[in-house]
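A closer look at the structure
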Amino acid sequence: MKTVSIGFMRDDGDLALFATLNNLDEHMKQDEFMKLVNSVASELCRATRQEVRVLERDDAPDYVELHGETQ
């Protein structure tokens, strides 16, 4: 997996997103990325007391243009 969305299923069948993580540029080894994904999903499940789903994504953006905005 290179990009995932983490969330829970809404009553209408859509996925309500908590987080999207990507490793398209391979900044982490695959096993490290999956540890991060599983850790985030587990923590969100614990914090929200909801069943959390992890879905592999092909359509998630891998960067955001800030157009000179500062953080």
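How each quantity is defined
- Residues numbered from 1 in each chain as written.
- Predicted model: local features only at pLDDT ≥ 70, side-chain atom pairs only at ≥ 80, totals over all residues.
- Heavy atoms only, no water.
- Pairing = 2+ DSSP bridges.
- Helix = DSSP H or I, 4+ residues; strand = E, 2+ residues; numbered from the N terminus.
- Axes fitted to C-alpha atoms, helices over the stretch in contact; angles between N-to-C directions.
- Contact = heavy atoms within 4.5 Å.
- Salt bridge = Lys/Arg side-chain N within 4 Å of Asp/Glu carboxyl O.
- Buried < 20%, exposed > 50% of the residue type's maximum accessible area, 1.4 Å probe, protein only.

So, about the sheet that holds strand β2 (residues 15–22). Overall, antiparallel pairing links the 3 strands, which are arranged β2-β1-β3 in an open sheet. At either margin of the open sheet sits one strand with a lone partner, and together these are β2 and β3 (53–56). Across the sheet, the mean angle from the axis of one strand to that of its neighbour is 30°, orientation sign disregarded. Across 7 bridges, strand β1 (residues 3–9) lies against β2 in antiparallel orientation. Along β2, the bridge assignment pairs valine 4 with leucine 21. Of the strands in this sheet, β1, β2 and β3 touch helix α1 (residues 30–48), which is tilted by about 150° from β2.

Turning our eyes to something else, we now look at the side chain of threonine 3. Looking at the element boundaries, threonine 3 is found in strand β1. Residues contacting threonine 3, with those up to four places away along its chain left out, are Thr20, Leu21, Asn22, Leu24, Leu55, Glu56, Arg57 and Ala60.

With that out of the way, let us pick up the pattern of salt bridges. This structure, assessed with the given rule, holds 5 salt bridges. Note that arginine 46 and glutamate 43 form a salt bridge whose closest N and O atoms lie 2.3 Å from each other. Taken as a pair, arginine 46 and glutamate 43 lie in helix α1 at a separation of 3 residues, close to a single helical turn. Exposure remark for arginine 46: the relative accessible area of 55% places this residue in the exposed category.

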